Amino acid sequence: MKDNKNLLEIKDLSIHYITDDGTVRAVEEMNLEIGVGETLGLVGETGAGKTTTALGIMNLVPNPPGKIIGGEIVFEGEDLVKKSQSELRKIRGNKISMIFQDPMTSLNPVMTVGDQIAEVVKLHQNVNAAEATERAMEMLEKVGIPGTRHKDFPHQFSGGMRQRVVIAIALACNPTLLIADEPTTALDVTIQAQVLDLMRNLKHEFNTSMIMITHDLGVVAEVCDKVAIMYAGNVIEYTDVKRLYTSPKHPYTIGLFGSIPDIESDESRLKPIKGLMPDPTNIPSGCPFHPRCPKAMDICSQRKPKNTEVEPGHFVKCLLFENTEK
Amino acid sequence: MSKIKTSNNQEEVKAVSKKKRSPWVEVWRRLRQNKSAMFGLAIIGLLVFCAIFADLIAPYGIDDQDLRARFITPSRDYLFGTDNFGRDILSRIIYGSRVSLQVGFIAVGISALTGGALGAIAGFYGGRLDNVIMRFVDILLAIPGILLAISIVSALGPGLQNVMIAVGIGSIPSYARIVRASVLSLRDQEFVEAAKAVGANDFRIISKHIIPNSMAPIIVQATLGVAGAILSAAGLSFIGLGIQPPTPEWGSMLSSGRQYLRDYWHIATFPGLAIMITIFALNLLGDGLRDALDPRLKS
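Since we're looking at a predicted model, the values are computed, not measured. (Residues numbered from 1 in each chain as written. Chains lettered and ligands numbered in written order. Predicted model: local features only at pLDDT ≥ 70, side-chain atom pairs only at ≥ 80, totals over all residues. Heavy atoms only, no water.)

Visitor: Can you help me understand the packing of aromatic side chains in this one?
Guide: All names here are of chain A. Applying the stated criterion to the full structure yields 12 aromatic pairs over all chains. Between Y231 and F289 the ring centres are 5.0 Å apart and the planes differ by 80°, which places this aromatic pair in the edge-to-face class. Placement of Y231 in strand β9 (residues 226-231) and of F289 in the loop between α9 (251-258) and β11 (307-311) is noted, with a sequence separation of 58 residues between them. A residue is classified by how much of its surface remains accessible, and F289, at 1% relative accessible area, is buried. (Phe/Tyr/Trp six-rings, centres within 6.5 Å; stacked < 30°, edge-to-face > 60°. Helix = DSSP H or I, 4+ residues; strand = E, 2+ residues; numbered from the N terminus. Buried < 20%, exposed > 50% of the residue type's maximum accessible area, 1.4 Å probe, protein only.)

Right, here's the structure in full:
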């Protein structure tokens, strides 16, 4: 496969949760693409639709109430939305793997870690139990845990080590795409750095593409090639890391950067974005960000902004930039 | 970075190798500290031993009648005395443990397997299927247990096998409800989602990830359930619907001793004591297991 070919393309994806209290538009008309070996950061506040996007790609959105309303998820040339569950099971864990947020709960407490790694191998590769166990020990060594500990149970490991076990499970079948859902949120800062380092190294070793879901812009700067900023189900800004950090365009992105404390300047207060995330069942008309936006215009409450390419490879969903379109 | 990692690992390896135990070893360790549970376990062990080696232990055969030795009160020759046919009560109680244990364990096996499977399916899939299964279970629950067992036995006819089925069906609801409740709480756990994300199918998720995690309440219920099943079977035999004579069964021995209660107390007393001690031992063990399996009490 050529490097410039896209491994995953998400086109106009919409995922809604239909509940008694109303419809939650968790993901709306999302467009993303990831090339082979690339890392995409998915950034947003809690409830912005990041995890739903990840589950959508795996086709694991809890149904009911969740439903993929429309759009395509093209993975290696095939649309995942149209695949049957048994076809999807062959892809999950094999071609696309997921790392969950909390390593304390994402491992089965009554199964040895070796068995849990071997399970994936046995599900997707034609191997016997001994070979699977061997592979499990090999993977443990890869993530920096002695292979002899494969007979241990999750409660015998620390949080950081458990997350490494989770990474070992995710990478056991050499997936082409790894989805990491806030893999470091539950860990303390020093362990975070270790885990991120480990993920980056293994990603290079296996040439895996990665979707890194996080709300930490520091993590993004460290590991990602491209970034998509999400707000209330919409990708409001999508570009490569360098451009995002040097010239953020969307007022929300600028607000996010503004709320990071700067070590060098002598400030006593943070500058948060005013207001709160809107109620997901009752998203404001027009641009969902307009009630909090410092640059809101009259038109913002009337019309939804379109995805505008302000410069090649830099997309912004904001009415401020629609006029400057060529 | 790599230096830090290896030294960390070595420390952790050392710390862990001291207490390298599977959860079940841990449970056994805690159970051992519980004296009353161990007492219960010892009695049950003794009972199982009696049942297996009944032929060797029992001083007389099960229906060796000695009409000259009827109604003998406990003495050196007949430790528990003899009944109206001159049969040795001790021997019959020892042989009776076979029947009682068989009924207890097999009936619980029937109800735990069916009830557990129904509960797991209902809890895992939810929705309409859950509703159908649980309403069926509610119907079973609405009928008094002994009445249900009586009607099943009278439909199928008396006998060991039918008693086990009748008693087993009667306690399906409790297992279905317990398993469903724990499946409901486990279903949304992240490790189940993780299992889905590695491509495991539903059967695998239920059997490998959910059931092993909901074992604790099932084991406790099953231990207490064996006691209940023995009691129900004895009850059925007492009213003449269970195991038929001359097979020695504690309930039917109790029943036949009833008419001589005024003059010969020992005929009914010893089978009754056997039932009582067995139930008592199983309950002690069940309570101990519940404490040992409760994660909140982990020391």
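This is not the end of the story, as more comes after the structure.
Visitor: What's the story with a nonpolar patch on the surface in this structure? I'm lost.
Guide: Residue and element names in this part refer to chain B. Taken together, the side chains of V48, F49, I52, F53, L56 and I57 make up a nonpolar region of the molecular surface, amounting to roughly 550 Å² of accessible area. The element best represented in the nonpolar patch is helix α3 (residues 35-52), accounting for 3 residues. By secondary structure assignment, the location of L56 is in helix α4 (residues 54-57). (Patch = residues over 30% accessible without salt bridge, like charges linked within 9 Å, V, L, I, M, F, W, Y side chains within 5 Å. Areas by Shrake-Rupley, 256 points an atom, 1.4 Å probe, with all protein chains shown as cover. Salt bridge = Lys/Arg side-chain N within 4 Å of Asp/Glu carboxyl O.)

Visitor: Help me out: how do you make sense of unusual backbone geometry in this one?
Guide: For residues besides glycine, phi is generally negative; the peptide bonds are generally trans as well. Residues and elements named next belong to chain A. At N59, a residue that is not glycine, the phi angle is positive and equals roughly 55°. Structurally, the position occupied by N59 is in the loop between α1 (50-58) and β4 (66-75). In this model, E182 sits at a positive phi of 45°, which is unusual for a non-glycine residue. Of note, E182 is situated in the loop between β7 (177-181) and α6 (189-206).

Visitor: Where do I start with the sheet that holds β11(A) in this structure?
Guide: Strand pairing in a sheet is mediated by backbone hydrogen bonds. Such pairs are either parallel or antiparallel. Residue and element names in this part refer to chain A. Strand order in the open sheet made by the 8 strands is β6-β7-β8-β3-β9-β10-β12-β11, with mixed pairing throughout. Only two strands of the sheet have a single partner each, and these edge strands are β6 (96-99) and β11. Between one strand axis and the next, the sheet turns by 20° as a mean value, whatever way the strands run. Here 6 bridges tie β9 to strand β10 (residues 234-240), and the two strands are oriented antiparallel to one another. Pairing of I229 across the sheet is with E237, part of β10. Of the strands in this sheet, β6 and β7 touch helix α5 (residues 159-171), which is tilted by about 170° from β6. (Pairing = 2+ DSSP bridges. Axes fitted to C-alpha atoms, helices over the stretch in contact; angles between N-to-C directions. Contact = heavy atoms within 4.5 Å.)

Visitor: Even after reading the chapter, I still don't get the nonpolar core, so can you show me in this structure?
Guide: Membership of the largest hydrophobic core comes to 57 residues, with the highest contact counts inside it found for A:I99, A:I117, A:I167, A:M199, A:M212, A:I229 and A:Y252. Sort the elements by how many residues they give to this core and α5(A) lands first, with 8 residues. Excluding residues within four positions of it along the chain, A:I229 makes contact with A:V43, A:N234, A:V235, A:I236, A:E237, A:L244, A:Y252, A:T253 and A:L256. Core analysis: the next-biggest nonpolar cluster, separate from the first, contains 51 residues, B:I44, B:V163, B:A222 and B:I230 among them. (Core = buried A, V, L, I, M, F, W, Y, C linked by side-chain atoms within 4.5 Å.)

Visitor: What is the right way to look at the sheet that holds β4(A) in this model?
Guide: Residue and element names in this part refer to chain A. One open sheet accounts for 4 strands, arranged β2-β1-β4-β5; its pairing is antiparallel. Two strands bound the open sheet, and with one partner strand each, they are β2 (22-35) and β5 (78-79). With 10 bridges connecting them, strand β1 (residues 6-19) and β2 associate as antiparallel partners. Each residue of the ladder has a partner; that of I18, found in β2, is T23. Where α1 meets the sheet, it contacts β1, β2 and β4, and its direction lies at approximately 115° from that of β1.

Visitor: Honestly, the pairing of β11(A) in this entry has me stumped. Any pointers?
Guide: In summary, the side chains of a regular strand alternate between the two faces of the sheet. Residues and elements named next belong to chain A. Looking at chain direction, β11 and strand β12 (residues 314-317) are connected through 4 bridges and run antiparallel. When the bridges of β12 are listed, N307 appears paired with K317. Between β11 and β12, which pair antiparallel in sequence order, lie 2 residues; one of them, G313, sits at a positive phi of approximately 80°.

That's the geometry; what it means functionally is another story.
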